[in-house]
Amino acid sequence: LKPTLDVLRDLVDHYDVSLVFSTATQPAFENTPYLKSFQHIEIKEIVPDYPRHFADLQRVNYELRPHPLDWPELAEEINNLDQVMVVLNTRKDALALIDAMGEMPHIYHLSTLLCGRHRKDKLREIRSRLDDGQPVRLISTQVVEAGVDLDFPVVYRALGPLDRIVQAAGRCNREGKSDKGQVVIFEPSEGRMPRGAYFAGFQKAKVILDENDIKTLNEPQIFTEYFKRLYGDLDLDERKIQVHREALDYPKVARLYRLITDITLPAVVRHGDYENKLKNWKIHPSRRTWRQLQPFIVNVFEYEAGPFIHDGIMEDLGNGLYLWNGKYDENIGAVAEYDPADLFT
């Protein structure tokens, strides 16, 4: 974050650039001692009296469960609701809940275990059922929290970073069909948590929710406090990029600067008309045929792919591409015979 903001400040100061930051959970870039880049710079709020608009546009009520829920308890609650979305912190948690739900009807799942084409088809079906008032019980990972247009009357969100909780709430009563939607925040008694900054965000959210009334989640000021505390616990230049920028070592900066740090390997899954797309790419490898193939690819973390490649679950097709030989389930996507770690989130 620190080198990112510093570069943006350079663009403003020396290249006559204007910046617009837009999000419902605005980070506290100018209100923390841990970031200096936006100090002594004029920052204009585009929307006047924005806290009033947050209040006027409130679409949900939040509920914080006082005690952790295990998977059978959560499954029982979901069974009593016709249209509900549950967002969990990891893919493994989502699969555990689906397993606890047994033969419960109208269960849907979304995660990066599903290839892009499969997710797109599922989203189309889910939206159609929601519009028609039909039952939909969606169990998802964080994949639904950014840019996915869904509207559920009830959303359950596993306790996690505060901004992620509010992003999930953006999929509740999104179209204002009812007076208020219901967002239930809960802590899974058997849940897992991604490491690093995500875990730090979870810890800060837990403290802030303990200290404040749950209604404050509808007020933008709470995120200023959340981010100020979060930045104090994180190394905002973990790779020491600023050091290399100061030394004008731009090749090293280019190698080190990554918004997404985990390296993944692309694996084609056996879904839909993947065979034709894969055949076309093999015969005429190009940007066009690669874009046609991409909807049939899942990305596997490199550090987890070794056992899959060794056991033939991932087959090397050359040119950095793999074929997924493991099971591809029509509900939960690419699954292996074993799970060496929490491969996808």
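*Asks:* Residues and numbers for the sheet that holds strand β4 (residues 136–140), please.
*Replies:* Adjacent strands of a sheet form backbone hydrogen bonds with each other and so pair up, either parallel or antiparallel. Spatial strand order, β1-β6-β5-β2-β4-β3: six strands in an open sheet with parallel pairing. The open sheet has two free edges, formed respectively by β1 (60–64) and β3 (107–110), since each of these has just one partner strand. The average undirected angle you get between the axes of adjacent strands in this sheet is 20 degrees. Contacting β2 (83–87), β3 and β4, helix α5 (residues 116–131) runs over the sheet at an angle of about 140 degrees to β3.

*Asks:* Let's hear about the packing of aromatic side chains: which residues, and what values?
*Replies:* Applying the stated rule across the entire model yields eleven aromatic pairs. Seen from their ring centres, Tyr156 and Phe186 are 6.1 Å apart, and the 65 degrees between their planes marks the pair as edge-to-face. Taken as a pair, Tyr156 in strand β5 (residues 154–158) and Phe186 in strand β6 (residues 181–186) lie far apart in primary sequence, 30 residues in all. The burial state of Tyr156 is the same as that of Phe186; both residues are buried. Relative to Phe227, the ring of Tyr226 has its centre 5.0 Å away and its plane inclined at 65 degrees; by these criteria the two rings are edge-to-face. Given a relative accessible area of 7%, Phe227 falls into the buried group. Three or more aromatic residues joined by ring pairs form one cluster here, namely Phe21, Phe29 and Phe38.

*Asks:* Just give me the short version of the packing of helix α7 (residues 197–211) against helix α8 (residues 221–233), but keep the residues and values in it.
*Replies:* As a packed pair, α7 and α8 sit with axes 10 Å apart at the nearest point and diverge in direction by 135 degrees. Considering the angle they form, α7 stands oblique to α8. Judged by the twist between their axes, the crossing of α7 over α8 is right-handed. Between α7, through Ala200, Gly201, Lys204, Ala205, Val207, Ile208 and Glu211, and α8, the contact on the second element is made entirely by Ile222, Glu225, Tyr226, Arg229, Leu230 and Asp233.

*Asks:* Describe helix α4 (residues 91–101), listing the residues and the values that go with them.
*Replies:* By the burial criterion, the buried members of α4 are Arg91, Asp93, Ala94, Leu95, Leu97, Ile98 and Met101. Close packing links the buried residues of α4 with α3 (71–79), β2, β3 and β4. Looking one or two residues past α4, Gly102 carries a phi angle of roughly 55 degrees, positive in sign.

*Asks:* Any details on the pattern of salt bridges? Residues and values, ideally.
*Replies:* According to the stated counting rule, one finds 21 salt bridges in the structure shown. Salt-bridge contacts for Arg9 lead to Asp13; the nearest nitrogen and oxygen are separated by 2.9 Å. Placement of the pair is Arg9 and Asp13 together in helix α1 (residues 2–15), with a separation of four residues, close to one helical turn. One salt bridge connects Lys206 with Glu187, and the closest N-O pair in it is separated by 3.3 Å. Taken together, the positions of Lys206 in helix α7 and Glu187 in the loop between β6 and α7 put the pair 19 residues apart, joining distant regions of the chain. Exposure remark for Glu187: the relative accessible area of 24% places this residue in the partly exposed category. Here the residues in one salt-bridge network are Asp6, Asp10 and Arg245, joined through shared partners.

*Asks:* Just give me the short version of the environment of Glu219, but keep the residues and values in it.
*Replies:* Mapped onto the elements of the fold, Glu219 is located in the loop between α7 and α8. The exposure class assigned to Glu219 is partly exposed, which follows from its relative accessible area of 41%. For the pair Glu219 and Pro51, spaced 168 residues apart in the sequence, the C-alpha separation amounts to 6.8 Å.

*Asks:* Tell me what's going on with the side chain of His109, and back it up with residues and numbers.
*Replies:* Inspection of the secondary structure puts His109 in strand β3. Among the polar contacts made by the side chain of His109, one reaches the main-chain carbonyl oxygen of Ile139 at a distance of 2.9 Å. If near-sequence neighbours (up to four positions away) are discounted, His109 is found in contact with Ala94, Leu95, Ile98, Leu114, Lys122, Leu138, Ile139, Asn331 and Ile332.

Procedures and definitions
- Residues numbered from 1 in each chain as written.
- Predicted model: local features only at pLDDT ≥ 70, side-chain atom pairs only at ≥ 80, totals over all residues.
- Heavy atoms only, no water.
- Pairing = 2+ DSSP bridges.
- Helix = DSSP H or I, 4+ residues; strand = E, 2+ residues; numbered from the N terminus.
- Axes fitted to C-alpha atoms, helices over the stretch in contact; angles between N-to-C directions.
- Contact = heavy atoms within 4.5 Å.
- Phe/Tyr/Trp six-rings, centres within 6.5 Å; stacked < 30°, edge-to-face > 60°.
- Buried < 20%, exposed > 50% of the residue type's maximum accessible area, 1.4 Å probe, protein only.
- Parallel < 35°, antiparallel > 145°, perpendicular 65-115°, else oblique.
- Left-handed = near helix turned anticlockwise from the far one by under 90°.
- Salt bridge = Lys/Arg side-chain N within 4 Å of Asp/Glu carboxyl O.
- Polar contact = N/O pair within 3.5 Å; in protein donor to acceptor, adjacent residues only side chain to side chain.

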